[in-house]
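# Summary of structural features
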Amino acid sequence: MKKDNPWVMRTYSGHSTAKASNELYRLNLSKGQTGLSVAFDLPTQTGYDSDHELARGEVGKVGVPVGHIGDMETLFSGIPLDKMNTSMTINGTAAWLLALYIAVAERQGVDPKALQGTTQNDIVKEYLSRGTYIFPPEPSLRLTSDTITYTVASVPKWNPINVCSYHLQEAGATPVQEVAFTLCTAIAILDTVKASGKLSAAEFTEAVGRISFFVNSGLRFIEEICKLRVFGQLWDELTRDRYGVTDPKLRRFRYGVQVNSLGLTEAQPENNVPRIVLEALGVTLSKDARCRALQLPTWNEALGLPRPWDQQWSLRIQQILAYETDILDYEDIFEGSKVIEAKTNKLKREAWSEVERVQELGGVISALDYVKEQLVASHTERVRRINAGEQTVVGVNKFTETAPSPLYTGDSSAILKVDEEAERDQLARLQAFRASRNQTEANAALTALRDAAANGDNIMPVSIRCAHAGVTTGEWAQMLRAAFGEFRAPTGIGGAVVTRSTNGQVGERLETLRARVRNSANTLGRPLKVLIGKPGLDGHSNGAEQIAVWCRDAGMEVVYEGIRLTPDQIVSSARDEGVHLIGLSILSGSHLRLVPEVIAGLKAEGLAEVPVVVGGIIPEDDADELRKAGVARVYTPKDFEMLRILSDMVDVAEAAYA
Amino acid sequence: MKGRIAIRPYFFLPVATKHLHIDITRLLRFDRTSIAAALNLLEDRRPPRQEQALTLLDELTTRPAPAHVVGITGPPGVGKSSLISRLIEHTAKTGKRLAVIAVDPSSKISGGALLGDRGRMQVPSGAPVYIRSFAARDRLGGLSREAFAAVFLLRHLCDVLLIETVGVGQSETDIAHIADTVVMVIQPFSGDVLQFIKAGVMEIPDILAINKADDETLARKAMADVKAALSLEQQSWKRPVLAVSAVTNLNLDKLDAAIAVHFHHLTVTRTLEKKRTEQALAWAIGEITHEIGRLGLAALGGPDGVGTLWSQQSMTVSEVHRLLILLRKIRYEV
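An account of the accompanying structure is given in this report. (Residues numbered from 1 in each chain as written. Chains lettered and ligands numbered in written order. Predicted model: local features only at pLDDT ≥ 70, side-chain atom pairs only at ≥ 80, totals over all residues. Heavy atoms only, no water.)

Across its full length, chain A holds 24 helices and 15 strands. Its C-alpha atoms give chain A a radius of gyration of 24 Å, within 12% of the compact-globule value 26 Å for 658 residues. Once the C-alpha set of chain A is aligned to its principal axes, its extents read approximately 70 × 65 × 50 Å. Residue burial in chain A is summarised as follows: out of 658 residues, 62% are buried. At a minimum sequence separation of 6, the contacts of chain A that also span at least 24 residues come to 79%. When the accessible surface of chain A is split by element, carbon and sulfur atoms take 52% of a total near 23,400 Å². Across chain A, the 71 positively charged side chains and the 83 negatively charged ones have centroids separated by 3 Å. (Helix = DSSP H or I, 4+ residues; strand = E, 2+ residues; numbered from the N terminus. Rg over C-alpha atoms; globule rule 2.2 N^0.38 Å. Buried < 20%, exposed > 50% of the residue type's maximum accessible area, 1.4 Å probe, protein only. Contact = heavy atoms within 4.5 Å. Areas by Shrake-Rupley, 256 points an atom, 1.4 Å probe, with all protein chains shown as cover. Lys, Arg positive; Asp, Glu negative; His and termini not counted. Charge placed at Lys NZ, Arg CZ, Asp CG, Glu CD.)

Set out below in structure tokens:
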């Protein structure tokens, strides 16, 4: 038989500035990477300019800042867009970044019809897990629908959306939940497109064929192989039965993958390499369920931002799989396996029944509270199992003895430090860009955008006009905020319980801890009250939600403030609520900027005695700096023992008010 | 034999003024750090702090209590929080001093609670708004004891005091004992109204708001139900029934106006004073009931003591009656 084509190889990357990221992209392409995967920074993802108050400390941190067409041109400078396959992880502002990409193509003299790649564009999983949503569900789905109807006609090779299961697994989804909730999201999107009436029947069928997926792959890779088969079968049936698509090619489940980051450990981080390889096998071994594109995380992701060498290592893993092994040589090697078939059938039955449950609740948007609570509950169970030793994590809760690692000595030399100057540089260039543009044209384009938002015209043509006219990311989003309003997603923490049992490793220790928490009221004068919050734009709330659930179950009174808070908001809540302790969660790397601001704010309010503990991906050097700034405790991914963290928090509170 | 009762609930008896951590002038200026410190003090169970709290309340109760205390109640999931968020945003824009008390349920097993979510509210920065969440703790009735006490402090400090209860139930009548005006929020599709009439809850509200009225058919049906339920009323205050929506802001201005009109009604009919006296009395009775119960339990050695008693004497249900007779003979002392 003919050898199968290898998948598109990408590395999720971008940081500091468009110029620095462009250099990185060209370096990665020269090493044999076959596509690009752009990571945008959080202000770009949530629709703020780099000089907005909420952007402070976040510019260039988890990705590249793109504030206007000038940044986008720099980002792809020297990279002909008609030859490139670009994946953009962008959701709340997906229509805008796609407009900028098309505008840059036009300036490069490339016909948009030649553009290949994808915008992530899945707002539902942003509500459920990733947190970079802006608008309420209805206008958000309309924007998604607009990008789909526009690309089907004008950028036909583009995949306008990647319905994501990835972040659901990161949020704790079981394979059944992952498949079910993802398919429900796809249904919500296609139903919206259909109801918009903007596509003919034939065009709609095309649109169904352009829906692609972004899937996670975890360590239980046999189960993952079955999960992908279930995805394929159910999508085929769903598109045939619900949308009447007759051409089997348009019913194929096309998907890209980023393998699991949730399971990567900070302890003995070299163990992450075999983990990544095994996870990659789950989505490459089986020809009938093989991914179209693959991104692998790096061995040191739980420590901080990867360096170019770390990314190279992950790319080499892909290349070895594709070019050295024989996995591309065979037809589907699982065809006929009774074990795989039985497991697949079981998952499929369970997943479909969950799809039906969500659809009975009115679809994924109406059922958002239900779905979020299910995810938080699953994640709570996962954390409980690891804490109880029922789920083994090598090097973390078992086999923890280790020789000194030559790769990583515990300092910050094994990760990339983002140049703090980058933010200032970005701000200066943004201001220069604004000063140099034709203001009249920018204003006229923004007015046209407002009109399109109001009258239901497709948002894409006018957004491309805005891009050419020099409108900024913040201006584009602000105009739509005014038209659509903003949204706050459910936290889902009300429905989860750590354990109902008072037996077993976790149950017994939880009982002991509850007694300690009750007794602390004698020292504190009243029951222990804590505030858990996430400063900055980082929307990865899974960790904060777990801390909130566990604190509540340990008997604390918990004010959970959710995501996207300014240091000022956190300080005023802590003050009004009279909390004994503040827990902050930051995964975006902006801790050195935001945490000291909270501490300064507390001092200014006369609340210097309120202790602050911080959790996140925080390199050891930074942790030292935070402790010097007055942080009582710093927790990183290696602190997996929830009950120890909670007991620690009681100590900290008691010591502060003794 | 009559039990001799010697209790001193901390809010009753005047105590000589001692050093106060709380600066009254800053409190009266609506300084939020001071308000928070005062509420922390009020919650504090340590005897010296209770003395201080008492001194503070003594000082405050000589002053006027100008706030309009508005209770918002209704079953869980009816959209109380969203509705309150809109009311807060609206009041914040008027520049009035606004305090908010939100009560959330406590877990019966762990004692823990998840509180509040002010993130939903868009309060202009710098607006005089103070928001505090309370866990219901061991109290039934929709408010916590601490929230009750907080009302008596906060109503001296602000213009409007909003109270959000846990959610209406048969025992949730606290709100009627503490608020000047009670708004009950119900949703159009739930048979709520019928349940409320059965539970006697319909006697509580001064204003009824049917939320989620974006669904007009259901809202009209609920309006008809509620109006029928209220049709036999003979009171001087005709209770308004409003179809509102926190999502589309439908009739929120009317709700706001109705709340103000009710306060005006209380003032001109001189029922406010009477109401406030009744509120204080209700609070006292509540505290006494709680305190006697606590002391009675303590006299038996607390829950553990009762447990021992139970197992040692291998009690039966009829023994419980004997215990109750025994309890009536106990001398309560502090």
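Right, let's talk about the interface of chain B and chain A for a bit. With 27 residues of chain B in contact, the opposing surface of chain A contributes 28 residues. On inspection of chain B and its partner chain A, the count reaches one salt bridge. Across the pair B:Arg137 and A:Glu557 runs a salt bridge whose closest N-O atoms are separated by 2.7 Å. Elements with a minimum of two residues in the side of chain B that touches chain A: helix 2 (32–43), strand 3 (113–115) and strand 4 (129–135) of chain B. Grouping the amino acids of the side of chain B that touches chain A by side-chain chemistry returns nine nonpolar, eight polar and ten charged. When strand 12 (residues 557–560) of chain A meets strand 3 of chain B, the two strands line up parallel, connected through three bridges. Paired with A:Glu557 across the strands is B:Ala113, a residue of strand 3 of chain B. (Salt bridge = Lys/Arg side-chain N within 4 Å of Asp/Glu carboxyl O. Nonpolar A, V, L, I, M, F, W, Y, C, P; charged D, E, K, R; others polar. Pairing = 2+ DSSP bridges.)

All names here are of chain A. An ideal rise of 1.5 Å per residue puts 21 Å on 15 residues; helix 4 (residues 94–108) measures up with 21 Å between its terminal C-alpha atoms. In terms of residue burial, helix 4 counts as a mostly covered element, since twelve of its 15 residues are buried. Listing the buried residues of helix 4 in full gives Ala94, Ala95, Trp96, Leu97, Leu98, Ala99, Leu100, Tyr101, Ile102, Ala103, Val104 and Ala105. Where helix 4 ends, the next residue or the one after it, glycine 109, has phi of about 80°, a positive value. (Expected span 1.5 Å × (residues − 1).)

Under the criterion given, the structure shown has 67 salt bridges over all chains. Here A:Asp71 makes a salt bridge to A:Arg429, at a shortest N to O gap of 3.6 Å. Of the two residues, A:Asp71 is situated in helix 3 (residues 69–75) and A:Arg429 in helix 15 (residues 421–436); the sequence distance between them amounts to 358 residues. The class for A:Asp71 is buried, based on a relative accessible area of 2%. Among the ionic pairs, B:Glu89 bridges to B:Arg86, the shortest N-O distance being 3.1 Å. Of this pair, B:Glu89 and B:Arg86 both sit in helix 4 (residues 80–94), three residues apart, roughly one helical turn. By relative accessible area, B:Arg86 is classed as partly exposed at 21%. Through salt bridges that share partners, A:Glu557, B:Glu43, B:Arg132, B:Arg137 and B:Glu146 make up one connected network.

Attention now goes to the pairing of strand 12 of chain A. All names here are of chain A. Here strand 12 shows two buried faces, one formed by Glu557 and Val559 and the other by Val558 and Tyr560. Inspection of the sheet shows strand 11 (residues 529–533) paired to strand 12 by four bridges, in the parallel sense. Within strand 12, the position partnered with leucine 531 by the bridge is valine 559. Read from strand 11 through helix 20 (residues 542–553) to strand 12, the crossover connection turns out right-handed. (Right-handed = clockwise from strand over helix to strand, strands pointing away.)

Right, let's get into the nonpolar core. As a rule of thumb, nonpolar side chains are buried together in soluble globular proteins. Residues and elements named next belong to chain A. Counting 85 residues, the largest nonpolar core has Trp7, Phe213, Trp235, Tyr255, Leu294 and Val371 as the members making the most contacts within it. For this core, the element with the most residues is helix 8 (residues 175–196), which contributes twelve residues. Setting aside residues up to four positions removed in sequence, tryptophan 7 forms contacts with Thr34, Thr284, Arg290, Cys291, Arg292, Ala293, Leu294, Gln318, Leu321, Ala322, Ile327 and Leu328. Within the second largest apolar cluster, 56 residues are counted, among which are Tyr150, Ala442, Ile464 and Val471. (Core = buried A, V, L, I, M, F, W, Y, C linked by side-chain atoms within 4.5 Å.)

This next bit is on the sheet that holds strand 14 (residues 612–616) of chain A. An order of 15(A)-14(A)-13(A)-11(A)-12(A)-3(B) is seen for the six strands of this open sheet, with the pairing classed as parallel. The two strands at the open ends of the sheet, each matched to only one other strand, are strand 15 (633–635) of chain A together with strand 3 of chain B. The mean inter-strand angle of the sheet, taken between neighbouring strand axes irrespective of direction, is 20°. Sheet analysis places strand 14 of chain A next to strand 15 of chain A, joined by three bridges and oriented parallel. (Axes fitted to C-alpha atoms, helices over the stretch in contact; angles between N-to-C directions.)

Here we come to helix 18 (residues 473–484) of chain A. Residue and element names in this part refer to chain A. Taking 1.5 Å as the rise per residue, helix 18 with twelve residues should run 16 Å; its terminal C-alpha atoms sit 16 Å apart, in good agreement. When helix 18 is considered as a whole, its buried residues turn out to be Thr473, Gly474, Trp476, Ala477, Leu480, Arg481 and Phe484. Looking straight down helix 18, one finds its buried side chains confined to an arc of 160°; they lie on one side. Tucked into the core, helix 18 has its buried residues touching helix 2 (42–46), helix 4, helix 6 (137–154), helix 16 (439–455) and helix 17 (459–468). (Arc of directions from axis to C-beta.)

Okay, the packing of helix 8 of chain A against helix 13 (residues 338–360) of chain A next. Residue and element names in this part refer to chain A. Close contact between helix 8 and helix 13 brings their axes to 8 Å; oriented N to C, the two are set at 45°. In terms of their interaxial angle, helix 8 and helix 13 are classed as oblique. Judged by the twist between their axes, the crossing of helix 8 over helix 13 is right-handed. Across the interface between the two elements, Pro175, Val176, Val179, Ala180, Phe181, Leu183, Cys184 and Ile187 of helix 8 pack against Leu347, Glu350, Ala351, Glu354, Val355, Val358 and Gln359 of helix 13. (Parallel < 35°, antiparallel > 145°, perpendicular 65-115°, else oblique. Left-handed = near helix turned anticlockwise from the far one by under 90°.)

This part covers the environment of A:Leu321. Residue and element names in this part refer to chain A. Within the secondary structure, leucine 321 is located in helix 12 (residues 308–324). Separated by 281 residues in sequence, leucine 321 and leucine 602 have C-alpha atoms that sit 53 Å apart. When sequence neighbours within four positions are dropped, the list of residues in contact with leucine 321 reads Trp7, Ala280, Leu281, Thr284 and Ile327.

Let us look at the side chain of A:Arg275. Residues and elements named next belong to chain A. With respect to the helices and strands, the residue arginine 275 is situated in helix 11 (residues 272–284). Within the structure, arginine 275 has its side chain in polar contact with the side chain of asparagine 272 (distance 2.9 Å). Apart from residues lying up to four places away in sequence, arginine 275 is in contact with Leu219, Gly263, Leu264, Thr265, Val393 and Val394. (Polar contact = N/O pair within 3.5 Å; in protein donor to acceptor, adjacent residues only side chain to side chain.)

Residue and element names in this part refer to chain B. Along strand 7 (residues 207–210), one buried face is formed by Ile207 and Ala209 and the opposite face, lined by Leu208 and Ile210, is buried too. Here strand 6 (residues 181–186) runs beside strand 7; their pairing, made up of four bridges, is parallel. When the bridges of strand 7 are listed, isoleucine 186 appears paired with isoleucine 210. Pairing geometry for strand 7 and strand 8 (residues 241–243), over three bridges, is parallel. Opposite alanine 209, over in strand 8, you have leucine 242 as the bridge partner.

Residue and element names in this part refer to chain A. If you trace the five strands from one edge of the open sheet to the other, you get 1-10-9-8-7, paired in parallel fashion. Lying at the two open borders of the sheet, with one neighbouring strand each, are strand 1 (8–10) and strand 7 (162–164). Geometrically, the sheet is characterised by an average inter-axis angle of 25° between neighbouring strands, direction not taken into account. The sheet contact formed by strand 7 and strand 8 (residues 212–217) spans three bridges and is parallel. Directly across from cysteine 164, in strand 8, lies its bridge partner phenylalanine 214. Each of strand 1 and strand 10 (293–295) is contacted by helix 12, which is oriented at about 165° to strand 1, the strand it contacts most.

All names here are of chain A. Following the criterion strictly, the structure yields 17 aromatic pairs over all chains and no others. Ring centres of tyrosine 166 and phenylalanine 214 lie 5.5 Å apart, and the angle between their planes is 40°; on these two criteria the pair is classed as tilted. A residue pair is termed long-range when its members are at least 10 positions apart, and tyrosine 166 in helix 7 (residues 166–170) and phenylalanine 214 in strand 8 qualify at 48 residues. Comparing tyrosine 166 with phenylalanine 214, the two get one shared label, buried. (Phe/Tyr/Trp six-rings, centres within 6.5 Å; stacked < 30°, edge-to-face > 60°.)

Moving on: the packing of helix 4 of chain B against helix 9 (residues 252–268) of chain B. All names here are of chain B. Two elements in contact, helix 4 and helix 9, have axes whose closest approach is 11 Å; the angle formed by their N-to-C orientations is 75°. By the angle between their directions, the pair helix 4 and helix 9 is classed as roughly perpendicular. Across from Leu83, Arg86, Leu87 and His90 in helix 4, the residues of helix 9 making contact are Leu252, Leu255, Asp256 and Ile259. Residues of the contact of helix 4 with helix 9, tallied by class, amount to five nonpolar, one polar and two charged.

It is worth spelling out the state of the cysteines at this point. This structure, assessed with the given rule, holds zero disulfides over all chains. Of all cysteine sulfurs in the structure, the one in A:Cys164 sits closest to A:Cys184, which takes part in no disulfide; the separation is 15 Å. (Disulfide = S-S within 2.5 Å.)

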